[in-house]
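Below, each chain spelled out in residue letters.
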Amino acid sequence: MIRLKQISQIFLIVIFLSSCKTFIKKEYPINNMEENINENNNSEKNIMEIKFSCEKDGISEYLDDGWIILKEDSQEKICTWKSVPATKDCDMEKDKGCKITTPDKIGQEKIYLLEK
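No experiment lies behind these values; they were computed from the predicted model shown.

Draft legend 1. Up close: the pattern of salt bridges. Taken as a whole, this structure holds two salt bridges when the rule is applied. Close ionic contact of Glu109 with Lys77 constitutes a salt bridge, the shortest N to O distance being 3.8 Å. Taken together, the residues span a long stretch of sequence, with Glu109 in strand 3 (residues 99–115) and Lys77 in strand 2 (residues 68–85) at a distance of 32 residues. With relative accessibility at 9%, the residue Glu109 sits in the buried group.

Draft legend 2. Examining the nonpolar core more closely. Among the nonpolar cores identified, the biggest contains six residues, and these are Ile50, Phe52, Ile59, Trp67, Tyr112 and Leu114. Contributing elements (two or more residues each) for this core: strand 1 (47–53) and strand 3. For Phe52, the residues in contact, after removing those within four places along its chain, are Asp57, Gly58, Ile59, Tyr62, Gln108, Glu109, Lys110 and Tyr112.

Draft legend 3. Examining a nonpolar patch on the surface more closely. Taken together, the side chains of Phe11, Leu12 and Ile15 make up a nonpolar region of the molecular surface, amounting to roughly 330 Å² of accessible area. Here Leu12 shows up in helix 1 (residues 2–19).

Draft legend 4. Highlighting the sheet that holds strand 3. Spatially, the three strands line up as an open sheet ordered 1-3-2, and their pairing is antiparallel. Taken across any chain shown, the strands that pair with only one partner, and hence form the sheet edges, are strand 1 and strand 2. In this sheet, adjacent strand axes meet at a mean angle of 20 degrees when their direction is disregarded. Of the strand pairs in this sheet, strand 2 and strand 3 are connected by 16 bridges, and their pairing is antiparallel. Its bridge partner lying in strand 3, Ser83 is registered against Thr101.

Draft legend 5. The arrangement of the side chain of Glu109 in detail. A polar contact is formed between the side chain of Glu109 and the side chain of Ser53, at a distance of 3.5 Å. Sequence-distant contacts of Glu109, that is, excluding residues within four places in its chain, are made with Lys51, Phe52, Ser53, Asp73, Ser74, Gln75 and Lys77.

Draft legend 6. Seen up close, the side chain of Glu115. Along the chain, the position of Glu115 falls in strand 3. Glu115 gets classed as buried once you look at its relative accessible area, which sits at 17%. Non-local contacts of Glu115, meaning those with residues more than four positions away in its chain, are made with Lys45, Asn46, Ile47, Gly66, Trp67, Ile68 and Leu70.

Draft legend 7. Focus on the environment of Lys77. A relative accessible area of 34% places Lys77 in the partly exposed class. C-alpha separation for the pair Lys77 and Glu109, spaced 32 residues apart in sequence, amounts to 5.9 Å. In this structure, Lys77 is in contact with Ser53, Lys105, Ile106, Gly107 and Glu109, ignoring residues within four places of it in sequence.

Cut-offs applied
Residue numbering note: each chain is counted from 1, following its sequence as written. Local features in this predicted model are restricted to residues whose pLDDT is 70 or higher, and side-chain atom pairs enter the listing and the counts only when it is 80 or higher, whereas totals over whole chains, interfaces and linings include all residues. Values reported for side chains reflect all heavy atoms of the structure, with hydrogen atoms and water molecules removed beforehand. We define a salt bridge as a side-chain nitrogen of Lys or Arg found within 4 Å of a carboxyl oxygen belonging to Asp or Glu. Only DSSP runs of H or I covering at least 4 residues are called helices, and only runs of E covering at least 2 are called strands; the numbering of each starts at the N terminus. A 1.4 Å probe rolled over the protein chains alone gives each residue an accessible area, and that area as a share of the maximum for its type sets the label: buried under 20%, exposed over 50%, partly exposed in between. Only buried residues count toward a nonpolar core. Its members are Ala, Val, Leu, Ile, Met, Phe, Trp, Tyr and Cys residues joined through side-chain atoms within 4.5 Å. Note on definitions: a residue-residue contact is assigned when non-hydrogen atoms from the two residues lie within 4.5 Å. A patch is a set of surface residues, each over 30% in relative accessible area and not in a salt bridge, joined within 9 Å for like charges and within 5 Å for the nonpolar side chains Val, Leu, Ile, Met, Phe, Trp and Tyr. Here, Shrake-Rupley sampling with a 1.4 Å probe gives the accessible areas, and only protein chains in the shown set may cover a residue. Pairing between two strands requires that DSSP report at least two bridges joining them. In this analysis, axes come from line fits to C-alpha atoms, helices being fitted only over the stretch in contact, and the angle between any two N-to-C directions falls in the range 0 to 180 degrees. Polar contact is the term for a pair of N or O atoms within 3.5 Å; when the atoms are in protein, one must be able to donate a hydrogen and the other to accept it, and sequence-neighboring residues count only if both atoms are side-chain atoms.

Here it is in structure tokens:
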């Protein structure tokens, strides 16, 4: 019985040790570092996502700056909210619990995916 217990403990230790992997970070020197940076800058493309809400649109500034629209999407968005009484007898100044907040103005939110 003691022998079986020792074998099972050794077996568990072996499993635990074999499941651990070593992590060795190898660093290689980079030759001609300036050339690599210049090549990467020319091949990289900048991508940006911008949002304009409630009839505000400033996309022309980005287009004039050289950005290109990859994708355009729009969805409804609530621009402003208003408080209204819940019942006819409700006094919103005296009783704050009878105040209901409802959407006042609904507009469009435009989402642009830009690339330069």
